Number of protein chains: 4
Amino acid sequence: TRARDRGISVGQMEVGATNSICDIKGVSVGSITLSDGAIQTGVTAIHVVDDNIFEHKCVAAGHVINGFGKSAGLLQLDELGQLETPIVLTNTLSVGTASDALVRYMLDRNPAIGETTGSVNPLVLECNDGAYLNDIRGLHVKAGDVETALTSAQDSCPQGAIGAGTGMSCYGLKGGLGSASRKFRIGDQSYHLGALTLCNMGLLDDLLVDGRKVGREIAELKKHEAEQSAELGSIIMLLITDAPLSSRQLKRICRRAGAGLARTGTQFGSGSGDIVVGVSTANRIPHYSPESGHQDCQILHEDKLDILFRAAIESTEEAIINCLFASKTTTGKHERVRHSLADYWPKLDQPQA
Amino acid sequence: TRARDRGISVGQMEVGATNSICDIKGVSVGSITLSDGAIQTGVTAIHVVDDNIFEHKCVAAGHVINGFGKSAGLLQLDELGQLETPIVLTNTLSVGTASDALVRYMLDRNPAIGETTGSVNPLVLECNDGAYLNDIRGLHVKAGDVETALTSAQDSCPQGAIGAGTGMSCYGLKGGLGSASRKFRIGDQSYHLGALTLCNMGLLDDLLVDGRKVGREIAELKKHEAEQSAELGSIIMLLITDAPLSSRQLKRICRRAGAGLARTGTQFGSGSGDIVVGVSTANRIPHYSPESGHQDCQILHEDKLDILFRAAIESTEEAIINCLFASKTTTGKHERVRHSLADYWPKLDQPQA
Amino acid sequence: TRARDRGISVGQMEVGATNSICDIKGVSVGSITLSDGAIQTGVTAIHVVDDNIFEHKCVAAGHVINGFGKSAGLLQLDELGQLETPIVLTNTLSVGTASDALVRYMLDRNPAIGETTGSVNPLVLECNDGAYLNDIRGLHVKAGDVETALTSAQDSCPQGAIGAGTGMSCYGLKGGLGSASRKFRIGDQSYHLGALTLCNMGLLDDLLVDGRKVGREIAELKKHEAEQSAELGSIIMLLITDAPLSSRQLKRICRRAGAGLARTGTQFGSGSGDIVVGVSTANRIPHYSPESGHQDCQILHEDKLDILFRAAIESTEEAIINCLFASKTTTGKHERVRHSLADYWPKLDQPQA
Amino acid sequence: TRARDRGISVGQMEVGATNSICDIKGVSVGSITLSDGAIQTGVTAIHVVDDNIFEHKCVAAGHVINGFGKSAGLLQLDELGQLETPIVLTNTLSVGTASDALVRYMLDRNPAIGETTGSVNPLVLECNDGAYLNDIRGLHVKAGDVETALTSAQDSCPQGAIGAGTGMSCYGLKGGLGSASRKFRIGDQSYHLGALTLCNMGLLDDLLVDGRKVGREIAELKKHEAEQSAELGSIIMLLITDAPLSSRQLKRICRRAGAGLARTGTQFGSGSGDIVVGVSTANRIPHYSPESGHQDCQILHEDKLDILFRAAIESTEEAIINCLFASKTTTGKHERVRHSLADYWPKLDQPQA
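Let us look at the structure shown here. Just so it is clear, the structure is predicted and the values come from calculations on it, not from any experiment.

Applying the stated rule across the entire model yields 60 salt bridges over all chains. A salt bridge links E314 of chain D to R182 of chain D, with the shortest nitrogen-to-oxygen separation between them at 2.7 Å. One end of the pair, E314 of chain D, is in helix α6 (residues 306-326); the other, R182 of chain D, is in strand β9 (residues 176-186), and 132 residues separate them in sequence. Given a relative accessible area of 0%, R182 of chain D falls into the buried group. One salt-bridge network, in which partners are shared between bridges, spans E79 of chain A together with R248, R252, R255 and E302 of chain C.

Laid out in C-alpha cells, this is it:
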C-alpha cells in the first residue's frame, strides 16, 4: 500500500499514472535483495533512459545537503552536468564493489572506453544499513549482484524493503525505497517529475506524516525496541524529469528536495549523508561532438521553474511516506527488528480518513 | 503576542529566557521604521557583540538556499569565516545605501581602516518589500536611517512589521521580523542558539503552522485581496549562538535552517532569495595577529552538533511563526493591504488550545 | 604601448583586431578618473551589449579564486547564470555608492523594476586602491561619477592608470586596467574571447613577464620605494566572449583565468580578493518568459571548450602585462609614488627583442 | 635526478631535508608497480600519520580545479574537514577496486566500524593512464595490489614512473609521481609543507620549466611520436603540512596549488580532472568525542597564511618538474613509447646551468 491508499495525499499537484519515477518514459529499475539472517542488504539499479546513455548522455545535477556520505561519481556529474551511466544504489561499504561492477558493465557495452575515448564515470549512491539490521562488515554485495540488478530492470518501480532498501531504517521504523511523481503543464507541453528515495534517516520522535506528529504517537505505543540515539543513517533522493532543463536549473530543483525531506520531520543529523541527484531525460548530449561543434537545445524559462520546485518537494515528501508504508517489518543481525509503519498505523488514534 | 501565547510550541527543546536572539549575551538590535502611505520600509541593525567587532571578529558562515538575492558581504564572510561589522537588514534596492552607510559607521570607529590596515567588509542583507506594500523605486532609505538603526540598538529584539520588516509580506499575510531561541547543554556548559528572520516569502495556500494547513483555512476566509501568483519575496535567516564552533561547523548549522523554513510550508520559489548567516560569539578572532602567529581556540566535537542542528531548525520555524503573529495589518502603496495572521487566527475553526 | 609593442607575445593563439574586450561586438567601456593629490581613484563601467541588458539578459558566471573581497552582485549572477546590468568597477569602499548609483541608472531606464516586475541585481566589482596611493577613507567616488562612467562608454577599451585603475598598484609597480583578446574558430564559426583586468595585486619580486623573472631584475634597480610586505591588493578579471555557452561552461572558463594570473607570478596572497566574471553575448535571455515557457538555445559541445580555456588563460596573462606597460607613474597620498613598468623596462639587461 | 640537480630551483623558499612529503614527520609512502607490456599501471598509498588515523583523524580539505575525474571520498572529506584513511592513488577505472580494498584494510584494523560505530570514508584519487600507455580496460589492479601498496609504505617518497605513476603521461613526456617540500617559520615554530603530484596532464608544446618554454624546444627535436590532440589526462596534487590549520584555511592553501600547476604550462584542458587534497598533521581529531564534548586546538592567524600559500605553489610546481625528470622512458600498449624529459634535456640548446 501507498500513502494515498491510507488517505494521505501530500500537496496540491496532480499525480502521475504510476505515482513513481516510472512515469518518466524510458526509466526502468532493477533490484537484487540479499535477505538472510544477519545479511540484510542489496542493490538497486536505475536506468534513466532505455538506450545507451554513454553515447547520449543526460543532463544531470547533484546537491549535497550533508556530505557525510561515501557516494561516488558526483564530482564529474557536477562538473559536466551530465550522467553517463545507470545509477546504482547500495550500502555504504559496497560502493567500491558496485563502482567496479558498474565500470565492467559499461566497458562490456562500450568498447571505445579506455581505448579510443576517455574513461567512464560510474554513479553509485549509498546509505549505511549496518547501523542496525545488516552485517555490513561482511561485505555481502558481490559484483554479480550489481550485474543482476543492472540487467533485470523493468519499467515498474520497486518500493519497500527490497534491493538497496532491504536493510535500511527510517525514523526508527523499517525504511527502504519509496517513490512518487507529479504531472504538470508548461505552455502546451505536459511533463512529469518523479522522486525515488532510499530512506535510512531520522529518529522516531521526529516523524511527521503530512504534518501529523505520528512519530510521537508511535513512540507512545512502542517501548520495546533499542533506540538509536543519533541519526547515523542517510537518504538518497533521486529526481527524474522529462522537462527540458539546464544542469544549473536542475541543481536549483535538487536544492528543493530537502524541503520535502524536512516535512517528514528529520533534523538532518550530522551523521546522515543526505544527497540529491537530478536527471532530465530531455536534451540528450552526444558523447562525440558533432562536426559543427555546436548543439541545439531547448530549456525552460527561469520563471517556469516554480512548478518543478513544487513537484520536487511534493514527490520527495510523498516518496518517503510511501517508503514507510511499503517497507515490511524485518529482522536482521543480532535478531534486531525494525517494525513497519504499516503495522503501527491501524493502532494509532483516529487515523486520518 | 508570540506563537507560544497561542498555544503553539514548535519542537521539543527548551526555550531561552527571552525566546529571541537577545538570549545570546552581547546581542543588541536597533531599527528605524519608515511607514507613511506608499513608503513602507526601514532598516534593522544587529550587533552580535557589545564591543568592537572589527578588532575582535566573530566566527561566521553563510549558506545560500536560493541566490536570487542582492545581499552584500557574503563573499568575504565565506572565505574568511569571519564577521567584522554589525549586520544591517533593509530592502533590496537600498543595499548600496546601507553598505555605504555601514562603511562610514565603521570608518568613524576604526581610524586604521584604509590607512594602516586593509578595508572592511560590510554585511547587508535584504528582502524585496516593493512587490506589494512599499514604493521601493522611491529609494526612501537614507544613510542617516542606517546610522540611526546602528546607533539605537537595545538588548531586546523587535518583532513584527517594524524596521526592515515594515513593508514585508509573508504567505500572503503581513510579514516582518521574527525571533526565537533554544537553550541546551554540551558537557557541563550551557549554550543558546537564536534565530532572527526577516520574512518576505511564501504563498498563502502553502502556510503551515506547526504542521496545520492554516494557509488553506485562511484562503477559505479571505477572498478579497489581490494575490501574488509567484513567490517574489525572500527570507533572511540569521542564526546566532554562543557555542564554540569553527566556521565549517557553523555552515553545517546554517544549512539546517532551511528545514525550519520548509516546515512553514514555502515551496522555495525561484524568485525568493533565501539566505542564512550564522555567527558564533565564542572564539573571537583578533584583527591583528598575535606575535606568535598562532591562536588557541576550543570547538565542539562533531558528534555534538546534532543538538545545534535541532536548535537551528526549531528556532527558525518558530521565528517565522512569531513574525506572522507579531506583524500587524498594514496598508501601503496603491492602498494595498496585508492582513495580520493575528486577525485571522480567532476566526479559524477550533484554533489549537 | 602594449606588451606586443615590446616584442612580448603571450601564448600561441591569434589576437583580435583591437586585442581587447572591444573585439566582442556590442561591448563598450566608460571611465571617470579622479586624480588630484591624495585622491587617486575612479570608476569604469562596462556595457557588454549595446541594447537593454535588463530586458534581454546575458549568460554569465562568476568564479572566486580568493573571496577576500567586497564585490556585490555575484550571488544572483551565480544562481541564475545571468547578468542584467552593466558592470561597474571601482575602489573597495565605494561599492555601496556604486551599487546605489547603478540601481538608479537601471530604474531610470526600466520603469517596471520594483513596480510590475521584481528588482534588479547590480554588479559592482572592486579592488582596494587605499593600501598605497588613494585616500580611500575620503570616499571620493560620488553617485554622479558612476553615472558619468556609465553614460560615457565608447567602443574602445581604456588601459592603464585611468578609471577604476587610477590608484591601483600591481607587483609594486603602477597598476590599473589592461585588456587583451583572442580569436578562434569552432566548426565554421569565428568567435572572440577577451579579458579586461583591474590589476592591484602582487609583490615586485614575484613578477614574471612571459616567464622572465622581471620582478627580481627590477628589484635590483629599485631600492628607494617603501615596499608592501603582504599582498593587500586584489584583481578583477572580466572575460567576455561571443561564443555560445551555458553558464556552467562559462564557469569552467572562468576557472582557467587564474592560470593566466598565476603566470604573471603572483602568490595569491590571503588579502588579495581575486574574482573572475565571465559573460557570453550569445543566447540572450528574455526577462519575461515567452508564452510557451520555453526558449531555444545553441551551445558548444564540451569537447570544444579547450580553445576557450586557452583563450581565457592567454588573454588574462596578456591583459595583466598590458596593464603594467600602460599604467603611467603616479604620485598619490603621502606623496607616495608608483613607478611604471614602462619606466624600468628600458633599463633592464637585454630586454627581449 | 631531481630538478635541483639540473640547476633548476623553483621559487625563493627554503627546501626541506628530503625535498618531499616525507619531510613531514609521520608520512610514509608505499607503491606497487605493474609494468609488463601493455600493462603499465599501479598503486601508491600515502599514510599521512604513523598511527591509527581512523581513531585520530587529520584536518583535511579538498579543492576541485576541474571535476572531470572519478576520485572517491572527497564528499565527506569536504563536509567534515577530516581524513580518516590512508590515501590511495591509482588509475581511473580501478577506483572501485581500490576503494573496496581500502575499506577492507580499514575494517581489519578497526573492528568497531560498521558494528558499534559508523562507516568509513576511503579516499582514492586517480588519473587515466589508459589514454596512451596502459591497457586500462584490462582492470589489472587487484585488491591484493592495493593491500601491498598500503602495507609496504616507507618513509621515503618514490618519484617517477612507479606505483600509480607507472603508466602516466605528462606534457607528451613520461609522467608519474613527483614531490617537493618547503620549510618555514611562523613565530618561533618551524613547519614543513610538501607536495606529492601524480602527473598525467598537459600537451608538449605547453611545457614550461621554471618559465622556460622547454615544451616548444623539445617539440622541435621530437617529430616521431603520435601526439595527443587534447588533454585527456589529469593531475592529483596532495599537499601535506605539519602547520596547525583549520580545514577552511587548508582549503585556501589547496586553491593555490593550481598556480604552481599553471606555471608548468598546462591549459587545464576540459578532460583533465585536476584535484587538490590538503592535510594537516597537527590538531588530530578523536573519532569519539571526549566527555566534555569540546576539543582544544591551535590554528594559525589568517595573516600568517601567505607563506603557506607560497610553499604550496612552489612545492607543486617543483614536484611536477621533479616528476618529469624522474620518470623514465616507458613502452606500453600498442608499443607506444613515452620519452623522459631526462632524455631530451641534454639535447636542448644551452640548458640552464
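Having seen the structure, we can now continue with the description.
All right, on to the interface of chain D and chain A then. Contacts between the two partners involve 40 residues from chain D, matched on the other side by 40 residues from chain A. Between chain D and chain A lies a buried interface of about 3400 Å² when both sides are counted; carbon and sulfur atoms form 54% of it. Its largest share of buried area at the contact with chain A, chain D owes to L75, L93 and R137 of chain D, together 20% of the area lost on that side. Between chain D and chain A we count two salt bridges in total. A salt bridge links K333 of chain D to E115 of chain A; its shortest N-O distance comes to 3.4 Å. Counting across the chain D and chain A interface gives 26 residue pairs in polar contact (both at pLDDT 80 or more). Only β3 (56-66), α1 (74-80) and α2 (95-109) of chain D provide two or more residues apiece to the side of chain D that touches chain A. Here the element with the most residues in the side of chain D that touches chain A is α2 of chain D; it accounts for seven residues. Residue composition of the side of chain D that touches chain A, by class: 16 nonpolar, 17 polar and seven charged.

Here we take up the relation of the copies chain D and chain A. In the superposition of chain D on chain A (RMSD 0.0 Å, axial shift 0.0 Å), the rotation amounts to 180°. The symmetry that links the two subunits is that of a two-fold axis. Within chain D, the C-alpha atom positioned nearest to the axis of rotation is that of G96 of chain D, 2.0 Å from it. The residues that chain D uses at the interface reappear at the interface of chain A in 100% of cases, marking a shared surface.

A word on the sheet that holds strand β12 (residues 273-286) of chain C. All names here are of chain C. An order of β4-β3-β12-β11-β10-β9 is seen for the six strands of this open sheet, with the pairing classed as mixed. Two strands close off the open sheet at either side, each with one partner strand: β4 (82-83) and β9 (176-186). Against the sheet, helix α5 (residues 247-262) engages β3 (56-66), β10 (189-199), β11 (234-241) and β12, with an angle of about 40° to β3.

Conventions adopted
- Residues numbered from 1 in each chain as written.
- Chains lettered and ligands numbered in written order.
- Predicted model: local features only at pLDDT ≥ 70, side-chain atom pairs only at ≥ 80, totals over all residues.
- Heavy atoms only, no water.
- Salt bridge = Lys/Arg side-chain N within 4 Å of Asp/Glu carboxyl O.
- Helix = DSSP H or I, 4+ residues; strand = E, 2+ residues; numbered from the N terminus.
- Buried < 20%, exposed > 50% of the residue type's maximum accessible area, 1.4 Å probe, protein only.
- Contact = heavy atoms within 4.5 Å.
- Buried area = accessible area lost by both parts, 1.4 Å probe.
- Polar contact = N/O pair within 3.5 Å; in protein donor to acceptor, adjacent residues only side chain to side chain.
- Nonpolar A, V, L, I, M, F, W, Y, C, P; charged D, E, K, R; others polar.
- Least-squares fit on C-alpha atoms with pLDDT ≥ 70 in both.
- Pairing = 2+ DSSP bridges.
- Axes fitted to C-alpha atoms, helices over the stretch in contact; angles between N-to-C directions.

Function-wise, these values are silent; they only describe arrangement.
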